[in-house]
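Reading the structure
Next come the chains, spelled out residue by residue.
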Amino acid sequence: MEKQLRIWRLILESLNNNIGVILLYVLESSGSSPGRQGFFMAVNAKGKMQGSVGGGMMEHKFVEMAKDKLLRDEQELSVRKQMHDKTAAKNQSGMICSGEQTIFLYRVQPAEKRYIENIIEYLQLNKNGMLQLSPEGLLFSATIPGKEYSYSFRDEQTWIYQEKTGYKNRLYIIGAGHCSLALSWMMRSMDFYITLYDDRRDLKTFLENESAHEKLLLNDYHECGELVPAGNHYVAVMTMGYRTDDIVIRSLMDKKFTYLGVLGSKKKLEKMFSTYRQEGIAEELLRNIRSPVGIAINSQTPEEIAISIAAEIISVKNGVKTLP
């Protein structure tokens, strides 16, 4: 989220100092396009830049295009499709990675300063809102859209892009040990909003964790059933042992999450799940729990374990069906 804040702050700083600034936004992408939907950057008339629309030759071309528009004091916005294929009949980006993306170039207007201020305020408060781009320019609303991204295009005069601003993914980490510390740092860098739970008041790794947005001290792990909401969320259970993991899993297994995983040895988890099956717990519920958590890369250190968990979470988020 800090990356996004830097972009919007550059735009606000430019407007405050009467310096022309252009917003470049990826409205749509497909295939192996390096710039994904929602990527954006700002370029001002002094040559300052923040953000990215995908990098490489294509981004360089668009940065130069933005600088030229500012030099000529052009106000007209434009929507440009880029084909990452040198055999394409038109709109070649100069890249050969295949796929395509649509980029919006827009000189932000002084009258829109209040929307930029609102976006920055909401991002700083970790609140969601809605950014809207269209031929009419830029708008921001406190209304949270139902979809993370939406783009409808009929022609260059009739189109609309809407995006849910702020954190789109929430990760609940239950247990604040060394693996949790490493995972928190890693997932924050990928714009996950992180809530951390533990029942150990003086635990060093809990106190040292500066990556979690929220750190909550529990009286008992049974509280997780009320505190962790069902929904499009990611949950990693990594408490200090079998008994507390069991308490957490039992409190959460009836809820639907995008991702629920538990850290532990294969032997420990086989015993845990064997007990659940003996108790008659539905196999469907057990299949929804990833155990052991993470992809198999023979992880040894907390950092390696965090990488394996992060990779699995990202694979789920991005809809990967199978992993090697």
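In case you missed it, the structure is sitting above this.
Residues numbered from 1 in each chain as written. Predicted model: local features only at pLDDT ≥ 70, side-chain atom pairs only at ≥ 80, totals over all residues. Heavy atoms only, no water.

**Brief notes about the nonpolar core**
Membership of the largest hydrophobic core comes to 34 residues, with the highest contact counts inside it found for Trp-8, Ile-11, Tyr-25 and Leu-133. Secondary structure elements with two or more residues in this core: α1 (2-16), β1 (21-30), β2 (40-44), β5 (100-107), α3 (113-124), β6 (129-134), β7 (137-141) and β9 (158-165). Considering every element that reaches this core, the biggest residue donor is α1, with seven residues. The contact partners of Tyr-25, leaving out residues within four places of it in the chain, are Trp-8, Gly-38, Phe-39, Phe-40, Thr-102, Ile-103, Phe-104, Leu-131, Leu-133, Tyr-161 and Glu-163. Counting residues in each nonpolar core, the second largest holds 26 residues, with Phe-192, Leu-196, Ala-212 and Ile-314 among its members. (Core = buried A, V, L, I, M, F, W, Y, C linked by side-chain atoms within 4.5 Å. Buried < 20%, exposed > 50% of the residue type's maximum accessible area, 1.4 Å probe, protein only. Helix = DSSP H or I, 4+ residues; strand = E, 2+ residues; numbered from the N terminus. Contact = heavy atoms within 4.5 Å.)

**Some thoughts on the packing of aromatic side chains**
Across all of its chains, the model carries 13 aromatic pairs by this definition. Taken together, a centroid distance of 5.5 Å and an interplanar angle of 10° make the contact between Phe-104 and Tyr-106 stacked. Of the two residues examined, Phe-104 and Tyr-106, each falls in the buried class. Three or more aromatic residues joined by ring pairs form one cluster here, namely Phe-104, Tyr-106, Tyr-151, Phe-153 and Trp-159. Between the NZ or CZ atom of Arg-114 and the centre of the ring of Tyr-115, over which it lies, the distance is 4.3 Å. Sitting above the plane of the Phe-206 ring, Lys-215 keeps its charged end 5.3 Å from the centroid. (Phe/Tyr/Trp six-rings, centres within 6.5 Å; stacked < 30°, edge-to-face > 60°. Lys NZ or Arg CZ within 6 Å of the ring centre and 35° of its normal.)

**Some details on the environment of Tyr-115**
Note on placement: Tyr-115 falls in helix α3. In this structure Tyr-115 comes out as buried when scored by relative accessible area, which is 15%. In the structure, Tyr-115 is positioned 88 residues away from Leu-203 in sequence and 42 Å away in space, judged by C-alpha atoms. Excluding anything up to four places from it in sequence, Tyr-115 contacts Leu-138, Leu-139 and Phe-140. A distance of 2.8 Å separates the side chain of Tyr-115 from the side chain of Arg-114, its partner in a polar contact. (Polar contact = N/O pair within 3.5 Å; in protein donor to acceptor, adjacent residues only side chain to side chain.)

**Considerations on the environment of Leu-269**
Relative to the assigned elements, Leu-269 resides in helix α8 (residues 266-278). Under the relative-accessibility criterion, Leu-269 is labelled buried at 3%. Separated by 189 residues in the primary sequence, Leu-269 and Arg-80 place their C-alpha atoms 52 Å from one another. Filtering out sequence-adjacent residues up to four positions away, Leu-269 remains in contact with Val-262, Gly-264, Ser-291 and Pro-292.

**Observations concerning the packing of helix α4 (residues 178-188) against helix α10 (residues 302-317)**
α10 packs onto α4 with a crossing angle of 50° between their chain directions and a minimal axis gap of 8 Å. As the angle between them shows, α4 and α10 are arranged oblique. Handedness of the crossing formed by α4 with α10: right-handed. Where α4 approaches α10, its residues His-178, Cys-179, Ala-182, Leu-183, Met-186 and Met-187 are matched on the opposing element by Pro-302, Glu-303, Ile-305, Ala-306, Ile-307, Ile-309, Ala-310, Ile-313 and Ile-314. Its residues assigned to classes, the contact of α4 with α10 shows 13 nonpolar, one polar and one charged. (Axes fitted to C-alpha atoms, helices over the stretch in contact; angles between N-to-C directions. Parallel < 35°, antiparallel > 145°, perpendicular 65-115°, else oblique. Left-handed = near helix turned anticlockwise from the far one by under 90°. Nonpolar A, V, L, I, M, F, W, Y, C, P; charged D, E, K, R; others polar.)

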